[in-house]
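Fold and contact review
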Amino acid sequence: MPRIFDPFFTSKLGAGSSGLSLYIVHNIVCGVLNGKIEVESVIGSGTTFRIVLPSTLQSEVFD
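Note that the coordinates shown come from a computational prediction; the quantities given were computed from them, not determined experimentally. (Residues numbered from 1 in each chain as written. Predicted model: local features only at pLDDT ≥ 70, side-chain atom pairs only at ≥ 80, totals over all residues. Heavy atoms only, no water.)

1. Topic: the confidence of the model for the chain
- Mean pLDDT over the chain: 85, with 79% of residues reaching 70 or higher.
- Looking at the elements of the chain, mean pLDDT is at its lowest for helix α1 (residues 21-32), recorded as 94, and at its highest for strand β2 (residues 46-52), recorded as 97. (pLDDT = per-residue confidence, 0-100. Helix = DSSP H or I, 4+ residues; strand = E, 2+ residues; numbered from the N terminus.)

2. So, the pairing of strand β1 (residues 36-42)
- Sheet topology note: the β1/β2 ladder contains seven bridges and is antiparallel. Bridge assignment links Glu38 to a residue of β2, and that residue is Arg50.
- Count of turn residues in the β1/β2 antiparallel hairpin: three residues, of which Gly44 carries a positive phi of about 90°. (Pairing = 2+ DSSP bridges.)

3. Concerning the environment of Asp6
- The topology assignment puts Asp6 in the segment before α1.
- Take Asp6: its relative accessible area is 29%, and that puts it in the partly exposed class.
- Residues Asp6 and Leu22, spaced 16 residues apart in sequence, show a C-alpha to C-alpha distance of 7.8 Å.
- In contact with Asp6, not counting residues within four places along its chain, are Gly19 and Tyr23. (Buried < 20%, exposed > 50% of the residue type's maximum accessible area, 1.4 Å probe, protein only. Contact = heavy atoms within 4.5 Å.)

Written out as structure tokens, the structure is:
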């Protein structure tokens with residue numbers, strides 16, 4: 001869990017996973033959209049991702 005958003009981190013090494021998906025999601029949510037992403041996982045119960053985004057986006061890119 002502590003490394004879930006690290007680039008190239010995967011629990012399925014050699015099974016076709018690159019380990020970039022959650023890294024990319026984290027960069028978009030936190031960097032581009034200025035939001036926050038949290039993850040909670042309970043073995044046997046599942047995993048929950050919580051994404052919080054600002055109601056307005058203030059960026060020079062969209063000006």
